Amino acid sequence: MLEYSVAALLPLCLQLLFNRVLFTKYLPLGITVVIMIFGFDGLNQPLPLQIVAVISTIVGFLLGLKIYNKQKRKVR
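Below or above, wherever it landed, is the structure these notes cover.

Rules and cut-offs
Residues numbered from 1 in each chain as written. Predicted model: local features only at pLDDT ≥ 70, side-chain atom pairs only at ≥ 80, totals over all residues. Heavy atoms only, no water. Phe/Tyr/Trp six-rings, centres within 6.5 Å; stacked < 30°, edge-to-face > 60°. Helix = DSSP H or I, 4+ residues; strand = E, 2+ residues; numbered from the N terminus. Patch = residues over 30% accessible without salt bridge, like charges linked within 9 Å, V, L, I, M, F, W, Y side chains within 5 Å. Areas by Shrake-Rupley, 256 points an atom, 1.4 Å probe, with all protein chains shown as cover. Salt bridge = Lys/Arg side-chain N within 4 Å of Asp/Glu carboxyl O. Lys, Arg positive; Asp, Glu negative; His and termini not counted. Charge placed at Lys NZ, Arg CZ, Asp CG, Glu CD. Buried < 20%, exposed > 50% of the residue type's maximum accessible area, 1.4 Å probe, protein only. Expected span 1.5 Å × (residues − 1). Arc of directions from axis to C-beta. Contact = heavy atoms within 4.5 Å.

Turning our eyes to something else, we now look at the packing of aromatic side chains. Taken as a whole and assessed by the stated rule, the structure comprises one aromatic pair. Ring geometry for Tyr-26 versus Phe-61: centroids 5.9 Å apart, planes at 25 degrees, classification stacked. Placement of Tyr-26 in the loop between α1 (2-22) and α2 (27-39) and of Phe-61 in helix α3 (residues 47-75) is noted, with a sequence separation of 35 residues between them.

Structure below.
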């Protein structure tokens with residue numbers, strides 16, 4: 001059960017962290033995917049765990065876009 005909690009929270013937190021720091025749209029997504037695949041051996045995990053991580057990554061990307069758009073408006 002701990003694996004599913006980590007798979008649900010880690011990509012989301014990584015996406016938000018990198019989006020907040022890097023001020024870009026797609027670079028945080030790429031960095032998060034690389035970390036999840038190579039750092040946590042994501043391709044050899046069970047399929048349900050991979051699905052949870054993908055959904056969490058998508059949610060993190062969408063929340064990151066909101067942060068990006070808010071930061072973009074503040075700069076102007």
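Additional details are given in the paragraphs that follow.
We now examine a positive patch on the surface. On the surface, Arg-20, Lys-66, Lys-70, Arg-73 and Lys-74 cluster together to form a positively charged patch. Ranked by residue count, the leading element in the positive patch is α3, at four residues. Lys-70 gets classed as exposed once you look at its relative accessible area, which sits at 53%.

Take unusual backbone geometry next. Non-glycine residue Phe-23 carries a positive phi angle of around 55 degrees. By secondary structure assignment, the location of Phe-23 is in the loop between α1 and α2. Positive phi, normally seen in glycine, also occurs at Asp-41, with a value near 55 degrees. Among the structural elements, Asp-41 can be located in the loop between α2 and α3. Given the relative accessible area of 38%, Asp-41 is considered partly exposed.

Moving on, we come to α2. The terminal C-alpha atoms of α2, which comprises 13 residues, lie 17 Å apart, in line with the 18 Å expected from a rise of 1.5 Å per residue. Along α2, the positions that sit buried rather than exposed are Pro-28, Thr-32 and Met-36. All buried residues of α2 project into a common sector of 60 degrees when viewed along the axis, lining one side. Close packing links the buried residues of α2 with α1. Asp-41, located one to two residues past α2, shows a positive phi value of around 55 degrees.

Relative to the assigned elements, Gln-15 resides in helix α1. For Gln-15, a relative accessible area of 0% gives the class buried. Each residue touching Gln-15, except ones within four places of it in the same chain, is listed here: Pro-28, Leu-29, Thr-32, Thr-57, Gly-60 and Phe-61.

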